[in-house]
Amino acid sequence: MKYSSLNRQSESINFETATIKGQAPDKGLYFPEHIPVLPTTFFNQMESLSDEEIALQVIAPYVEDVIPMAVLKDIVASTVHFPMPLEPVSTGVVALELFHGNTLAFKDIGARFMSRCLGYFVRNNNQKVTVLVATSGDTGGAVADGFYGVDGVEVIILYPSGKVSTVQEQQLTTLGNNIIALEVDGNFDDCQRMVKMAFNDPSVSAQLFLTSANSINVARWLPQQFFYFLAYKQWADKHQPPVISVPSGNFGNICAGLLAHQSGLPVKHFIAACNANDVVPQYMQSQHYAAKQSVATISNAMDVGDPSNFVRILALFQNEYQSLTNIFSSVSITDAETKQAIQEVFTNHQYLMDPHGAVGFVALQKYLQAHPHEKGIFVETAHPVKFFDVVEPIINEKIAIPPAIQSIMHKTKKAIPIGAQYEDLQAFLLSRR
Ligand SMILES: *Cc1c(COP(=O)(O)O)cnc(C)c1O
């Protein structure tokens, strides 16, 4: 498989180079040059295949011989190492729970797959790489956990001091080993700006091989297709494919779902469920894309004003609006609707949603009201305990902390405080070689 830049100014490359580079030199996103179509026998036999077998068949055409099959098999097995069950919630509605991984968010899958691929490339090339990443919360924990103990890879995470939740900070700062946390005396935008400057600084690249682990990397994006295949494996009525509602911020997850659909996966309709950050819902109404400043909501991992993966969605449909609307719609849900849904679903169905999953639930409910014969799945992207400060006051109850979180709450935080100027980061990086 070759990947080309959506800005069309860079040469085509293979999976290895796309993973190591992250973004093309022309600043475009890498995109596969063709979309593999899976045989109908694969879909007919799905229930008899293991999760690993399904994931391997899905990802193999994207990797090809860049990673030997036996190695790829191990990588896939250690990626899909936690359950992703469909849980019934209300009539015609089930939740796809993607929060049973180490950091309790769906980003665990992409981060684990990418870290293991990068680890293989580094070993194979006898290289050392430094992964540099800025986080506003969830990404950092998943990346830290995914790369923990991967030989040849050092991870440096910048996070804004006092602006991530306690659980998130513990996830970033207690691992140690090859994971270094820099606690920046500034906000998320400062962290992101400092990271961007480091990537463009020749004095740093002369000494360190820097790479990013953000969500546009193909090795984080592509394995997210697994969610949709594994959901379909569990979907009872194969004659009536599901409507799938995906809480969306940067649109990487739902874009992976649409890719899976183009490979042959039966899905009736995709809903991109957004919070007040409504750039894509607005686009779907007006066919005019206008990026905005992000606004803060209670589903903060989706507070994105210019979703980077939306260009990939347009590319999947050759920029034809009509074929996109046949399968895809997008809707903006308010915080008030989200809170009300969390409360009602908890009271009426004894199911506790996190604020992101709840946005997906409300969007699905609205769709099913207009299409009463359909049935659907909403994607639960994080465990509610990660957002206990939002959820507990709504349901007026304490949430039990799962063992995975309990064990890190007592660990000692290790973070290096730095200022919010690029020079602070530069000095730190140059001292690392
Ligand atoms: C990152 C994140 C999202 C948004 O996913 P995208 O792929 O960026 O659209 C939704 N929910 C949670 C909990 C997240 O961490």
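Our structure is the block above this text.
Here is a short report on the structure shown in this document. (Residues numbered from 1 in each chain as written. Predicted model: local features only at pLDDT ≥ 70, side-chain atom pairs only at ≥ 80, totals over all residues. Heavy atoms only, no water.)

## Focus on the packing of helix α8 (residues 188-199) against helix α20 (residues 422-430)
Where α8 contacts α20, the two axes come as close as 9 Å, and the packing angle between them is 50 degrees. When the axis of α8 is compared with that of α20, the two are oblique. The two elements α8 and α20 meet at a crossing, and its hand is right-handed. Taken together, the residues of α20 that come into contact with α8 (itself represented by M194, V195, M197 and A198) are Y422, L425 and L429. (Axes fitted to C-alpha atoms, helices over the stretch in contact; angles between N-to-C directions. Helix = DSSP H or I, 4+ residues; strand = E, 2+ residues; numbered from the N terminus. Parallel < 35°, antiparallel > 145°, perpendicular 65-115°, else oblique. Left-handed = near helix turned anticlockwise from the far one by under 90°. Contact = heavy atoms within 4.5 Å.)

## What about the sheet that holds strand β4 (residues 93-97)?
The strand order across the open sheet built from six strands is β3-β4-β12-β9-β10-β11, with neighbouring strands paired in mixed fashion. Here the strands that pair on one side only, and so sit at the sheet edges, are β3 (86-90) and β11 (328-332). When strand polarity is set aside, the average angle formed by the axes of neighbouring strands in this sheet is 25 degrees. Direction of pairing for strand β9 (residues 243-247) relative to strand β10 (residues 269-274): parallel, over a ladder of five bridges. Looking at β10, one finds that V243 is bridged to H269. (Pairing = 2+ DSSP bridges.)

## Remarks on the site of the ligand
Among the 15 residues in the neighbourhood of the ligand, the closest are listed as K107, D138, G249, N250 and F251. At 2.8 Å from an oxygen atom of the ligand is found a main-chain nitrogen or oxygen belonging to N250. Contact between the ligand and N253: an oxygen atom at 2.9 Å from a main-chain N or O atom of the residue. A total of 380 Å² of accessible area belongs to the ligand in isolation, and the protein chains cover 96% of it. Residue composition of the shell around the ligand, grouped by class: six nonpolar, seven polar and two charged. (Near = heavy atom within 4 Å. Polar contact = N/O pair within 3.5 Å; in protein donor to acceptor, adjacent residues only side chain to side chain. Areas by Shrake-Rupley, 256 points an atom, 1.4 Å probe, with all protein chains shown as cover. Nonpolar A, V, L, I, M, F, W, Y, C, P; charged D, E, K, R; others polar.)

## Details of the pairing of strand β5 (residues 129-134)
A large share of β5 lies buried, amounting to six of its six residues. Along β5, one buried face is formed by V129, V131 and V133 and the opposite face, lined by T130, L132 and A134, is buried too. Note: β5 against strand β6 (residues 153-160), six bridges, orientation parallel. Paired with L132 across the bridge in β6 is I156. Handedness of the β5-helix α6 (residues 138-147)-β6 crossover: right-handed. Inspection of the sheet shows β5 paired to strand β8 (residues 210-211) by two bridges, in the parallel sense. (Buried < 20%, exposed > 50% of the residue type's maximum accessible area, 1.4 Å probe, protein only. Right-handed = clockwise from strand over helix to strand, strands pointing away.)

## Digging into the environment of I20
Topologically, I20 is positioned in helix α1 (residues 15-21). In the structure, I20 is positioned 123 residues away from V143 in sequence and 15 Å away in space, judged by C-alpha atoms. If we ignore the near neighbours within four places in the chain, the residues touching I20 are L118, F121, N125, F209 and T211.

## Some details on the sheet that holds β8
Pairing within the open sheet is parallel, and its five strands lie in the order β8-β5-β6-β7-β13. A strand with exactly one partner marks an edge of an open sheet, and here the two such strands are β8 and β13 (416-418). Across six bridges, β6 lies against strand β7 (residues 179-184) in parallel orientation. In the sheet register, I156 faces β7, and the bridge partner there is I180. Its contacts with the sheet place helix α5 (residues 107-125) against β5, β6 and β8, and it is angled at close to 155 degrees to β5.

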